[in-house]
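Next come the chains, spelled out residue by residue.
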Amino acid sequence: MTISQRVNAERVVLLDWSRAILLQLAHPLVAAGVAEHSSFRDGALAAAVRLHHTVQSMLSLTFGDSRRHAEALETIRAIHRRVNGQLATSVGRFPAGTRYSAEDPDLVLWVHATLLDSLPLIYERVVRPLTDDERNSYCTETAGVAVELGARPADVPHSWAELRAYLEAMYASGVIVVGTQARELASAVLAPPLAAFVGPIAWVNRVVSVGLLPADVRREYGFEWGAPDDRRLHRALRVVRSIRAVLPNRVAWWPQARA
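Being a predicted model, the structure only gives us computed values, none of them experimental. (Residues numbered from 1 in each chain as written. Predicted model: local features only at pLDDT ≥ 70, side-chain atom pairs only at ≥ 80, totals over all residues. Heavy atoms only, no water.)

Q: Can you walk me through the overall build of the protein in this structure?
A: A count of helical and extended segments in the protein gives 14 helices and two strands. Computed over C-alpha atoms, the radius of gyration of the protein comes to 18 Å, within 12% of the 18 Å expected from 2.2 N^0.38 for 259 residues, which places it in the range of a compact globule. If you line up the protein on its principal axes, its C-alpha atoms span 55 × 45 × 40 Å. A fraction of 73% describes how many contacts in the protein between residues 6 or more apart in sequence connect residues 24 or more apart. Summed over all atoms, the accessible surface of the protein reaches about 12700 Å², with 56% contributed by carbon and sulfur. Seen as two clouds, the 29 positive and the 26 negative side-chain charges of the protein have centres 7 Å apart. (Helix = DSSP H or I, 4+ residues; strand = E, 2+ residues; numbered from the N terminus. Rg over C-alpha atoms; globule rule 2.2 N^0.38 Å. Contact = heavy atoms within 4.5 Å. Areas by Shrake-Rupley, 256 points an atom, 1.4 Å probe, with all protein chains shown as cover. Lys, Arg positive; Asp, Glu negative; His and termini not counted. Charge placed at Lys NZ, Arg CZ, Asp CG, Glu CD.)

Q: I'm lost on the side chain of E134 in this one. Help?
A: Its location among the elements puts E134 in helix α7 (residues 132-148). E134 has contacts with I3, R128 and P129, leaving out every residue within four places of it along the chain.

Q: What exactly am I supposed to notice about the pattern of salt bridges here?
A: Two side chains with opposite charge may pair up if their charged atoms get near one another. Tallied over the entire structure, the rule returns 12 salt bridges. For E134, the salt bridge goes to R128, with nearest N and O atoms at 2.9 Å. Taking the relative accessible area as the measure of exposure, E134 reaches 19% and is therefore buried. Classification of R128 as partly exposed rests on a relative accessible area of 29%. Here the salt bridges share partners, and the residues they tie into one network are R19, D117 and R164. (Salt bridge = Lys/Arg side-chain N within 4 Å of Asp/Glu carboxyl O. Buried < 20%, exposed > 50% of the residue type's maximum accessible area, 1.4 Å probe, protein only.)

Q: Whenever I open this one, the nonpolar core confuses me. Can you help?
A: Within soluble globular proteins, side chains that are nonpolar tend to cluster in buried spots. Of all hydrophobic cores here, the largest spans 79 residues; its most connected members are L22, L25, W110, I122, Y221 and F223. Looking at which element gives the most residues to this core, the answer is helix α6 (residues 105-126), with 11 residues. The residues touching L25, leaving out its near neighbours within four places in the chain, are V30, A31, V34, A182, L185, V189 and Y221. (Core = buried A, V, L, I, M, F, W, Y, C linked by side-chain atoms within 4.5 Å.)

Q: Mind showing me how you'd approach the packing of helix α3 (residues 28-37) against helix α9 (residues 180-190) here?
A: Two quantities define a packed helix pair, namely the angle between the helix axes and the distance between the axes. Close contact between α3 and α9 brings their axes to 9 Å; oriented N to C, the two are set at 55°. When the axes of α3 and α9 are compared, the pair comes out oblique. Handedness of the crossing formed by α3 with α9: left-handed. Of the residues in α9, those in contact with A31, A32, V34, A35 and E36 of α3 are Q181, A182 and L185. When its residues are assigned to classes, the contact of α3 with α9 shows six nonpolar, one polar and one charged. (Axes fitted to C-alpha atoms, helices over the stretch in contact; angles between N-to-C directions. Parallel < 35°, antiparallel > 145°, perpendicular 65-115°, else oblique. Left-handed = near helix turned anticlockwise from the far one by under 90°. Nonpolar A, V, L, I, M, F, W, Y, C, P; charged D, E, K, R; others polar.)

Q: Explain the packing of aromatic side chains here, please?
A: Ring pairs (aromatic) are described by centroid distance and by the angle formed between their planes. A full pass over the atoms with the stated rule returns three aromatic pairs. Ring geometry for W110 versus Y166: centroids 6.4 Å apart, planes at 50°, classification tilted. One end of the pair, W110, is in helix α6; the other, Y166, is in helix α8 (residues 160-173), and 56 residues separate them in sequence. Across the pair, Y166 and W110 agree in class, each one buried. With a centroid separation of 6.1 Å and 90° between ring planes, the pair formed by W110 and Y171 is classed as edge-to-face. With W110 in helix α6 and Y171 in helix α8, this pair connects stretches of sequence that are 61 residues apart. Of the residues examined, W110 reaches a relative accessible area of 0% and is grouped as buried. (Phe/Tyr/Trp six-rings, centres within 6.5 Å; stacked < 30°, edge-to-face > 60°.)

Q: Even after reading the chapter, I still don't get the environment of P248, so can you show me in this structure?
A: You can see P248 is positioned in the loop between α12 (227-246) and α13 (249-252). Between the C-alpha atoms of P248 and Y138, which are 110 residues apart in sequence, the distance is 23 Å.

Q: What am I meant to see in the side chain of R19 here?
A: In this fold, R19 is placed in helix α2 (residues 17-25). Within polar-contact distance, the side chain of R19 engages the side chain of D117 at 3.0 Å. In contact with R19, other than residues within four places in its own chain, are D117, S118, L121, S209, L212, L213 and P214. (Polar contact = N/O pair within 3.5 Å; in protein donor to acceptor, adjacent residues only side chain to side chain.)

This is how it looks when you write it as structure tokens:
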């Protein structure tokens, strides 16, 4: 098994998908695309269907044969082709009327980088630490999918150092600004319609997602965070880590990974 397969095999990495989505929405053009072309606020059934399709696509890209891999890519590309428009109001350095498209190589790269940053982050906190070589391999192994979805090959990080440099440059550029659309969508990300039925899991998801955000992004969203919240985060991670430690892989891994 490659390191990207080992990380993506874990059901528990779903805990940091919300963090990745919040980072994605912190780009105003991504937030506009999601706000105007997604089912984020369409109710419990839509949320469950969206999550199912997203997970299945990830698993097909990671564990599927060439046919399933190609089908997953085409499904994502078909969605991307439909997502385009323009900003209704100015956000940060983007004036009203700025065009956006989910096929934009820069946006594909940003979405890829947020996942690249988030999934190993939760894996290391609840499964085991990764070595420098493993972090580099994770970047290298997943680079192909970003290129297949439209990112420029020269821009895609192939090492952990390249990923960190890209993220730091993006945060310093002024491009990443949490606007009104992102804040509105954040509620759907952190408190989806099904949250009432999975209370403890929803609470852990929120604490982990908000707690592991970069501090500046967290402040832009308006999330209050202090020492008591830090303690809750560490307590939640400790509980999840303890549970994962006693679970056999046949329970902790997705079926595609076990196969």
